[in-house]
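For reference, the chains in residue letters:
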Amino acid sequence: MRRFNSAADLWCANGDELGTSEWVSVSQEMVDQFAKATGDHQWIHVDVDRANRESPFGATIAHGYLSLSLVPALAAQIFVVSGARFLLNYGSNKIRYITPVPVGAQVRLHSTLTAVEEKRGGVLHIVVRHELEVGDLRKVAMVAETITHAVF
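Think of each chain on its own: its residues are numbered from 1, step by step along the sequence as written. With the structure being a predicted model, the display of local features is reserved for residues of pLDDT at least 70 and the display and counting of side-chain atom pairs for 80 or more, all residues being used for whole-chain, interface and lining totals. Only heavy atoms go into the side-chain values, all of them from the structure, while hydrogens and water stay out.

Chemist: Just to check I follow, could you spell out the overall build of the protein for this structure?
Modeler: Secondary structure elements follow DSSP: runs of H or I of four or more residues count as helices, runs of E of two or more count as strands, with numbering from the N terminus. Within the protein one finds six helices and eight strands. The helix and strand sequence of the protein, counted from the amino end, reads β-α-β-β-α-α-α-α-α-β-β-β-β-β. Oriented by its inertia axes, the alpha-carbon framework of the protein measures out at about 55 × 30 × 20 Å. Think of it in three bands: with a 1.4 Å probe and only protein chains considered, a residue is buried below 20% of the maximum accessible area for its type, exposed above 50%, and partly exposed in between. Buried positions account for 39% of the 152 residues belonging to the protein.

Chemist: Looking at this structure, I do not really get unusual backbone geometry. What am I missing?
Modeler: With the exception of glycine, most residues fall at negative phi, and the peptide bonds are largely trans. Here the phi dihedral of Lys94 falls at roughly 45 degrees; this positive angle occurs in a residue that is not glycine. Tracing the backbone shows Lys94 in strand S5 (residues 86-97). A relative accessible area of 58% places Lys94 in the exposed class.

Chemist: Where do I start with the nonpolar core in this structure?
Modeler: Soluble globular proteins tend to pack their nonpolar side chains together in the buried interior. Residues grouped as a nonpolar core are buried Ala, Val, Leu, Ile, Met, Phe, Trp, Tyr and Cys residues, joined through side-chain atoms within 4.5 Å. The biggest cluster of nonpolar side chains holds 33 residues, and the ones touching the most others in it are Leu10, Val26, Phe79, Val101 and Leu113. Listed by contribution, the elements that provide at least two residues to this core are helix H1 (7-13), helix H2 (28-38), helix H5 (64-69), helix H6 (71-75), strand S4 (79-81), strand S6 (106-118), strand S7 (123-134) and strand S8 (139-151). For this analysis, residues touch if any pair of their heavy atoms sits within 4.5 Å. Those residues in contact with Val26, other than ones at most four positions away along the chain, are Val31, Ala62, Leu66, Leu70, Val101, Val103, Gly104, Ala105 and Val107.

Chemist: Any chance you could explain the environment of Asn14 here in plain terms?
Modeler: Relative to the helices and strands, Asn14 resides in the loop between H1 and strand S2 (17-20). Residue classification places Asn14 among the partly exposed positions, given a relative accessible area of 33%. Through-space distance from the C-alpha of Asn14 to that of Ser25 is 31 Å; in sequence the pair is 11 residues apart. In this view, Asn14 contacts Leu113, Thr114, Ala115 and Val116; residues no more than four positions away in its chain are not counted.

Chemist: Quick question: what am I supposed to make of the pairing of S7 here?
Modeler: Here S7 lies mainly inside the structure; 10 of its 12 residues are buried. In this structure, S6 lies alongside S7, joined through 11 bridges in antiparallel fashion. Within the sheet, the bridge partner assigned to Leu113 lies in S7 and is Val128. Two strands pair under a simple rule: DSSP has to find at least two bridges between them. The turn joining S6 and S7, which pair antiparallel and follow one another in sequence, is formed by four residues; a positive phi near 80 degrees is taken by Gly121. Remark: four residues form the turn of the hairpin made by S7 and S8, two consecutive strands paired antiparallel; Arg138 in that turn has positive phi of roughly 50 degrees.

Chemist: Help me understand the layout of surface pockets in this model?
Modeler: Summary: where empty space remains is shown by rolling a probe the size of a single water molecule over the atoms. In this structure, the largest pocket occupies an estimated 420 Å³ of space. In this structure, the largest pocket is lined by 19 residues; those nearest its centre are Pro72, Ala75, Phe79, Thr146 and Thr148. In terms of residue count, S5 provides more of the lining of the largest pocket than any other element does, five residues in total. Residues that form the lining of the largest pocket fall into these classes: 13 nonpolar, six polar and no charged. Both cavities and pockets are sets of points on a 1 Å grid over the protein atoms alone; in a cavity a 1.4 Å probe fits but cannot get out, in a pocket the set is open with protein on both sides within 12 Å along at least five of seven lines, and lining residues sit with an atom within 4 Å of a point. Grid points are joined across faces, edges and corners, and a volume is the space filled by probe spheres set on the points. Charged residues are taken to be Asp, Glu, Lys and Arg, nonpolar residues to be Ala, Val, Leu, Ile, Met, Phe, Trp, Tyr, Cys and Pro, and polar residues to be all remaining types, Gly included.

What follows is the structure in structure tokens.
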């Protein structure tokens, strides 16, 4: 777990690989709950029987946005910015869903601090590149850069 207690800590870590999270299982229940929350009930995600018969993946797969939504919890296992007065999710860059995540697969996150910039008003613009790996496939499922604004 990397801990950043100050802006200087972040500046010093610019370009560093931050680490890797623990493995987490993607269950059908998780996919179904995500479908309910988002209204995305596409059969390839929620209809197990049909996906087993018709899907090119041979099973249901997680939503791409479900993969993205795992980033905050998994990143919290890797690093924390504890010295800021507040943090604000500013957005994301270059999100790509490279390999589908089959239901039942294990995933983990690799994170790298790719940019630290000072913005107007003393705001620190922090960019972290995240790669979500699918364990059984030994492939990257998703790559995303998240942007956080920190005020110290």
